[in-house]
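Structural characterization, general
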Amino acid sequence: MNNLKFKRKRWLSLSLALVMVVILTGSCFGGGGEEAKPIIKTVQTDYETQWLSNALLKIIIEEGYDYPVEDISVSVPVGQVSLSDGDIDIWYDLWWWYYLPWYEPALANGEIEDVGISMEPAPSFWTIPQWVHEEYNINTVEDMKDNWELFQDPEDPSKGLFINCPIGWQCQQINSIKMEAYGLTDYYNIIEPSAGALEAAMAGAQIKGEPVFGYYWAPTALMGMYDWYILEEPKFNAEVWDVVLAAVDDDSMRPINDACAYEAVSPTVGIWSGLRDIAPDVVTMLEKMVIGLEQVNQTAAWVKQNEIENWEMAAIWYMREYEDRWTTWVTDEAYTKIKNFVDEYGPVT
C-alpha cells in the first residue's frame, strides 16, 4: 500500500513538472501559443537611396507591424536569385530596367511581384561639371573625343579617364558597352571604383575645381550639392537598348554600333511572391510606400552636409520631415506605434 501511494505521489510530481515546462515554454515562445512572426529580409546593395529606404523599412515594419527585419548585403546577381527563390523578401528601390533578362521572366513565372513604384522617374546619365560644359563648349558625348586631355588619366596620360559604376552593378557593363559604341574607348580608360570611391572622385573634382567625367544618377546627395551638366546622347530607343542589354550577356556582340541614353523611369518595389501569404499586412503597406525623388534628394543632402553615418538617423530625419507622406502608407495602429518610436528617438544631429 505504501509503495502504491509513493508511485501515485511520484506520478503527480512528474505531471506537475511537465505542466510547468509546457507553461514556461509557451511563455518563452510567443506568450501562450502566439507564433513568432517571420523575419522579413531585404536586399541591401551599395547605394544611398537603398540605405535610406531599408532603414525606413526596418523602422516601419519592426515598430509598426512587429516583424523582425534583416538587411542582406548581396551583389546584384545574387540579389536577383535570392528574391526569385524567396531567400530574400523585399527589393525596395529596384532599378528593374537594368535587369530585364532576369526581371521579366521572374515576373512572368510568378517568382516575384512588382507592387508599385518607390519614387518618380529617376534619371541615370553621364556627366561633367557645369563649368566645364560652359567654358569648353562640351555638349555631347561626341564632343568628349576632342576634349579628352581635360580629363587625363593620372595613371596613363595618353588617355582620358571615365569613372564607371562599381563592379557588380549592371550599369558597369552597360557603360562599358556604350563607351565602345560611341568610340570613346579610343580616348578614355575606364575605372570601376566602389560606390564610395565613385562619389568621392566626383565630389573631390568639384571641390578642387577640376574636370571630371563619369556616370551618376539621381536621387543622390551629389546631384543636389554641386552643379552638373548631363551630356547629350542619342535619345533613348527601346530597340537600341535591347541590343545593349543583349551585349551584356554575349561578349561576342561587342563592340556594337549604336547606343543611346538611359531611360528615366520609376524604380519599383519588388517582392518575393510568397511574401503576400506570410506577411499580407506588410505587402499592403509596400503597395502605398512611395518615398519620393525630391524627398530622397533632400534627405541625402542633409546626410552629407551633417556627416551622418547612421542611416537609421537619416530615416528618423525623413520621418520627422515628411510625416504627412509616410502616414499615408500605414494603418492607424501602426502609425501610433511608429510615431512613438520616432518621437522618443532623440536628436539626430
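Here, every reference points to the structure presented above.
Notes on the structure in this doc start here. (Residues numbered from 1 in each chain as written. Predicted model: local features only at pLDDT ≥ 70, side-chain atom pairs only at ≥ 80, totals over all residues. Heavy atoms only, no water.)

Topic: the nonpolar core
How we decide: The set of buried Ala, Val, Leu, Ile, Met, Phe, Trp, Tyr and Cys residues whose side-chain atoms join them within 4.5 Å is what this entry labels a nonpolar core. For each residue, the accessible area found with a 1.4 Å probe, counting protein chains only, is set against the maximum for its type, and the residue is called buried under 20%, exposed over 50%, and partly exposed in between. Pairs of residues are marked as contacts when any of their non-hydrogen atoms sit within 4.5 Å.
Among the nonpolar cores identified, the biggest contains 112 residues, and I90, W126, F213, M285, L286 and M289 are the most heavily contacted of them. Ignoring sequence-local partners within four residues, the contact set of M289 consists of S53, L56, L57, I60, Y92, I117, S118, V269 and W329.

What to know about the environment of S53
Stated precisely, the cut-off is as follows: Each helix is a run of H or I in the DSSP string that is no shorter than four residues. Each strand is a run of E no shorter than two, and both are numbered from the N terminus. By the criterion applied in these results, polar contacts are pairs of N or O atoms within 3.5 Å in which, for protein atoms, one can donate a hydrogen and the other can accept it, and in which residues neighboring in sequence qualify only through two side-chain atoms.
Mapping S53 onto the fold places it in helix 2 (residues 48-65). Taking C-alpha positions, S53 is 9.9 Å from M289, a pair spaced 236 residues apart along the chain. Residues contacting S53, with those up to four places away along its chain left out, are Y92, D93, M289 and I291. At 3.2 Å, the side chain of S53 forms a polar contact with the backbone oxygen of Q50.

What to know about the side chain of N175
If you trace the backbone, N175 turns up in helix 7 (residues 170-181). Accessibility expressed as a relative area gives 0% for N175, which makes it buried. A distance of 2.8 Å separates a polar atom in the side chain of N175 from a polar atom in the side chain of N164. Excluding residues that lie within four positions of it along the chain, N175 makes contacts with W126, F162, N164, C165, Y215 and Y262.

What to know about the side chain of T127
Within the secondary structure layout, T127 lies in strand 5 (residues 124-129). Of note is the side chain of T127, whose polar atom sits 2.8 Å from the backbone oxygen of Y229. Those residues in contact with T127, other than ones at most four positions away along the chain, are M202, V212, F213, G214, Y216, W228, Y229 and I230.

Side note on the packing of helix 7 against helix 10 (residues 238-249)
The cut-off we apply is this: Each axis is a line fitted through C-alpha atoms, taken for helices only over the stretch in contact, and angles between the N-to-C directions span 0 to 180 degrees. Any angle that is under 35 degrees is reported as roughly parallel, and any over 145 degrees as roughly antiparallel; angles of 65 to 115 degrees are reported as roughly perpendicular and all others as oblique. Here a crossing is taken to be left-handed if its near helix is turned anticlockwise relative to the far helix by less than a right angle, and right-handed if that turn runs clockwise. Classification convention: Asp, Glu, Lys, Arg as charged; Ala, Val, Leu, Ile, Met, Phe, Trp, Tyr, Cys, Pro as nonpolar; all other residues, Gly among them, as polar.
The N-to-C vectors of helix 7 and helix 10 enclose an angle of 110 degrees; their axes lie 9 Å apart at closest approach. When the axis of helix 7 is compared with that of helix 10, the two are roughly perpendicular. Relative to helix 10, helix 7 is oriented so that their crossing is right-handed. Every residue of helix 10 that contacts helix 7 at Q170, Q173, I174, I177 and K178 is listed here: W241, V244, L245, A247 and V248. Looking at side-chain class alone, the contact of helix 7 with helix 10 contains seven nonpolar, two polar and one charged residues.

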